[in-house]
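# Chain and residue survey
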Amino acid sequence: QVQLVESGGGLVQAGGSLRLSCAASGLTFSRNDMGWFRQAPGKEREFVAVIIWNGLSMSYSDSVKGRFTISRDNAKNTVYLQMNSLKPEDTAVYYCEARPKGESSYAYWGQGTQVTVSS
């Protein structure tokens, strides 16, 4: 059974930082691209960042580029999202998702972790 468990969310003031973690089990982590998505109240889920299976390529949405950094540790089956210079508009539930190598769709996702940025 595949499980993705996010952690590290919380309440932070604008300009602050948080580091999210997503621990994966039940899948061959090193054969999955890993993405972070977020969903704010009343809005659709949106892409934040992705890192490919071997960690050699990353991509970010324009809204977080230069502020967020995605990384992974395949030995620990964990993907991270370092979030700096947080803004109130970053407030959302953050989800990690797994996309098997070579496939176009994400197959697994976690329950999410709440990030709230106060102004």
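Preceding this paragraph is the structure being described.
What comes next is a walk through the structure. Sequence order as written defines the numbering, with residues in each chain counted from 1. For a predicted model such as this one, the threshold for reporting local features is a pLDDT of at least 70, and the threshold for listing and counting side-chain atom pairs is 80 or more; totals across whole chains, interfaces and linings nevertheless cover every residue. The side-chain values count all of the structure's non-hydrogen atoms but skip hydrogen atoms and water molecules.

## Remarks on the overall build of the protein
Elements are defined by DSSP. Helices are runs of H or I of four residues or more, strands are runs of E of two residues or more, and each kind is numbered from the N terminus. When its secondary structure is counted, the protein shows 0 helices and 11 strands. Along the protein, helices (α) and strands (β) appear in the sequence β-β-β-β-β-β-β-β-β-β-β when read from the amino end. Across its three principal directions, the C-alpha atoms of the protein cover 40 × 25 × 25 Å. By sequence separation, contacts in the protein at least 24 residues apart represent 54% of the contacts at least 6 residues apart. Only carbon and sulfur atoms are counted for the fraction: they give 46% of the accessible area of the protein, which is about 6,200 Å². We count Lys and Arg on the positive side and Asp and Glu on the negative side, and we leave His and both chain ends out. Charge placement uses NZ in Lys and CZ in Arg. For Asp and Glu, CG and CD serve respectively. A distance of 5 Å separates the average location of the 12 positive side-chain charges in the protein from that of its 10 negative side-chain charges. Note on definitions: a residue-residue contact is assigned when non-hydrogen atoms from the two residues lie within 4.5 Å. In these tables, accessible area is a Shrake-Rupley quantity obtained with a 1.4 Å probe, and a residue counts as shielded only by the protein chains included in the view.

## Considering the nonpolar core
In this text, buried Ala, Val, Leu, Ile, Met, Phe, Trp, Tyr and Cys residues form a nonpolar core when linked through side-chain atoms within 4.5 Å. The buried label applies to any residue whose accessible area, calculated with a 1.4 Å probe on protein chains only, is under 20% of its type's maximum; exposed applies above 50%, and partly exposed to all values in between. Trp 36, Val 79, Leu 81, Met 83 and Tyr 94 are the most contacted members of the largest nonpolar core, which has 28 residues in total. Ignoring any residue separated from it by four or fewer positions in sequence, one finds Val 79 in contact with Leu 20, Ser 21, Cys 22, Phe 29, Met 34, Trp 36, Ile 51, Ile 70, Ser 71, Arg 72 and Cys 96.

## A short note on the pairing of strand S1 (residues 3-7)
Side-chain alternation along S1 places Leu 4 and Glu 6 on a buried face and Gln 3, Val 5 and Ser 7 on a face that remains uncovered. One ladder, built from 5 bridges, connects S1 with strand S3 (residues 18-25); its direction is antiparallel. If you follow Val 5 over to S3, its bridge partner there is Ala 23. Paired strands are those between which DSSP finds at least two bridges.

## As for the sheet that holds strand S7 (residues 68-73)
With antiparallel pairing, the 4 strands of this open sheet are ordered in space as S1-S3-S8-S7. Each end of this open sheet is capped by a strand with a single partner; those strands are S1 and S7. Adjacent strand axes in the sheet meet at a mean angle of 15° when their direction is disregarded. Here S7 pairs with strand S8 (residues 78-83) via 6 bridges, running antiparallel. Considered in S8, the bridge of Thr 69 is made with Gln 82. Simply put, an axis is a line fit to the C-alpha atoms, just over the touching stretch for a helix, and the angle between two N-to-C directions goes from 0 to 180 degrees.

## Concerning the pattern of salt bridges
Close approach of charged atoms allows side chains with opposite charge to pair. The working definition used for a salt bridge is a side-chain nitrogen of Lys or Arg within 4 Å of a carboxyl oxygen of Asp or Glu. Counted under the stated rule, the structure contains 6 salt bridges. With a closest N to O distance of 2.8 Å, Arg 45 and Glu 97 form a salt bridge. One end of the pair, Arg 45, is in the loop between strand S4 (32-39) and strand S5 (46-51); the other, Glu 97, is in strand S9 (residues 92-100), with 52 residues separating them in the sequence. Residue Arg 45 is classed as partly exposed on the basis of its relative accessible area of 33%. We note a salt bridge from Arg 67 to Asp 90, for which the minimum N-O separation is 2.7 Å. Placement of Arg 67 in the loop between strand S6 (58-60) and S7 and of Asp 90 in the loop between S8 and S9 is noted, with a sequence separation of 23 residues between them.

## Focus on the state of the cysteines
Disulfides are defined in this document as cysteine sulfur pairs within 2.5 Å. For the structure shown, the criterion picks out 1 disulfide. Note that Cys 22 is cross-linked by a disulfide to Cys 96, the S-S spacing being 1.9 Å. Of this pair, Cys 22 sits in strand S3 while Cys 96 is found in strand S9, placing the two residues 74 residues apart along the sequence. You'll find Cys 22 and Cys 96 in the same group, each marked buried.

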